[in-house]
Amino acid sequence: MTAPDPLALLEQVVTRRPDPASREQAALLEAELAAAHDVAYAVVVSSGTAALHTALVAAGIGAGDEVLVSAIPVIMTVAAVVLAGARPVFVDTGPDGEPFDVADAASKITSRTRAVLPVHLGGRSGDLQPVVDLAAHTGLHLIEDACQAHGSRYRGWLLGTLGSAGCFSLKDGKLLSCGEGGYLVTNNPDLAARARAFQSHWQTPAPGQPALTRLGTNYRLAEPLAALARISLAGFDARLARHRHGADRLVHLVGDVPGLAVIPAAPGEQPNGYCALWRILLPRPRELSGRLAEAGVVNSVGSFGLRAAHQHAACCSLHPAPCPNAARAADSLLVVPIPIRDPAPDDEARLARIADLITTEVAAW
Ligand SMILES: *Cc1c(COP(=O)(O)O)cnc(C)c1O
């Protein structure tokens, strides 16, 4: 794919005043995203949260339904389930740290359960086959929160393409970005049609169906943002390679500092290098993560307050059942985003600085 000239493209979108109904850039972006993910359909929306909400609604999930969500979610995942009118039921981390314990999930399936929703934190899925099998055997939808997982693979499949729908964010800082935005990918034509209808007030129903027969929302991605996302997509392969290299470099530079254990890729996992992941083996790991954040190492717990759902203030009105493995796992997780920015030759210096901060703080703890 050749990169469109950014300024020319933006000028064209902003000044040419195309027919507002045509949504030309969004349609081009959808075709390019579907091709890049090797799926039949991509539907672009205004955020990753909107992608999750839209996917759930398009899968027919609503009031009275239950969705099995990783117990270490981000609050956006939980919000999307609640926005859809469904109840999140949290699935514990496995005894060996697997992100989604299928035995716990299976024990929580009721007559109201409609979907499993694993969250691929840090672009990592762990061993996803048991989750795929659970969905297949129970007939539940598998909806992936792949908002951090652009380009990550499991057994060769791109994350986000293993179930009914995969949801991605295009927010700044994600591997593919246009400031704010999102999209979902699916091979299911009905799900795609309902998603497309829902994100624009049911004005664009499936071919042959009447318009405006249901209430939807305005989750449309603005045309200038769609143009920016196309530019970001054209540079994706190079960015992915830099991230993968950067994650390997950071892990290498931090080395064997006592008190940190690298979380290796599970068999079949090919991470995107969005983050590097360690387990903290020292006392008071949450405080250490906070200290690292203060020192300038952006990380999941210290900077973003990651914690198990049943301990999260934003989730307390949902009265989540305790997930003890998730509580331990969340506290000791150190997830550090890989700072890939322009100019590219400075990647190494940025990584060396972060590695230095990590080793110094951990050694002094
Ligand atoms: C970023 C993110 C979201 C939400 O995406 P927005 O575009 O910010 O709405 C959801 N889930 C995960 C795991 C994310 O990282």
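One can find the structure itself at the top, above this paragraph.
Attention in this report is confined to the structure presented alongside it. (Residues numbered from 1 in each chain as written. Predicted model: local features only at pLDDT ≥ 70, side-chain atom pairs only at ≥ 80, totals over all residues. Heavy atoms only, no water.)

Topic: the side chain of Ser289
Basically, it comes down to this: Put simply, DSSP marks the helices as runs of H or I at least four residues long and the strands as runs of E at least two long, and each gets a number from the N terminus on. Two residues form a contact once any of their heavy atoms are found within 4.5 Å.
As for its placement among the helices and strands, Ser289 is situated in helix H10 (residues 285–295). Every residue in contact with Ser289, bar those within four places of it in the chain, is listed here: Ile280, Asn299, Val301, Gly302, Leu333 and Leu334.

A short note on the layout of surface pockets
The cut-off we apply is this: Throughout, the protein atoms alone are placed on a 1 Å grid, and a set of points is a cavity if a 1.4 Å probe fits but cannot get out or a pocket if it is open with protein on both sides within 12 Å along at least five of seven lines; lining residues have an atom within 4 Å of a point. Grid points are joined across faces, edges and corners, and a volume is the space filled by probe spheres set on the points. Residue classes follow a fixed rule: Ala, Val, Leu, Ile, Met, Phe, Trp, Tyr, Cys and Pro count as nonpolar, while Asp, Glu, Lys and Arg count as charged, and any other residue, Gly among them, counts as polar. Where each domain starts and ends follows an automatic or database-derived domain assignment.
Reported here for the second largest pocket is a volume of approximately 570 Å³. Gly97, Glu98, Pro99, Ile263 and Arg279 are, among the 26 residues lining the second largest pocket, the residues nearest its centre. Counting residues per element, the ones that place at least two in the lining of the second largest pocket are strand E12 (275–280), helix H12 (324–332) and strand E13 (333–337). Element by element, the count of residues in the lining of the second largest pocket is highest for H12, at four residues. For the lining of the second largest pocket, the per-class residue count stands at 12 nonpolar, seven polar and seven charged. Each of domain 1 (6–234) and domain 2 (236–364) accounts for three or more of the residues forming the lining of the second largest pocket.

What about empty space enclosed by the protein?
For the coordinates displayed, the defined rule picks out one cavity of 30 Å³ or more. Roughly 50 Å³ of internal volume is contained in the largest cavity. The wall of the largest cavity is formed by Pro99, Phe100, Pro118, Val119, His120, Arg124, Ser125, Asp127, Leu128 and Val131. By residue class, the composition of the lining of the largest cavity is six nonpolar, two polar and two charged.

A few points about the packing of H10 against helix H13 (residues 347–364)
What describes two packed helices is the angle between their axes and the distance between those same axes. Definition in use: Structural elements are reduced to axes, namely lines fitted to C-alpha atoms, with helices fitted over the stretch in contact, and the angle between N-to-C directions of any two is expressed from 0 to 180 degrees. Roughly parallel refers to an angle under 35 degrees, roughly antiparallel to one over 145, roughly perpendicular to one between 65 and 115, and oblique to any angle outside these ranges. When the near helix sits turned anticlockwise from the far one by under a right angle, the crossing is termed left-handed; a clockwise turn instead gives a right-handed crossing.
At their nearest, the axes of H10 and H13 sit 10 Å apart, and the two run at 140 degrees to each other. With respect to H13, the element H10 is oriented oblique. The chirality of how H10 crosses H13 is right-handed. For the pair H10 and H13, contact is made by Leu288, Arg291, Leu292 and Ala295 and by Arg353, Leu357, Ile358, Glu361 and Val362, respectively. Within the contact of H10 with H13, the residues separate by chemical class into six nonpolar, no polar and three charged.

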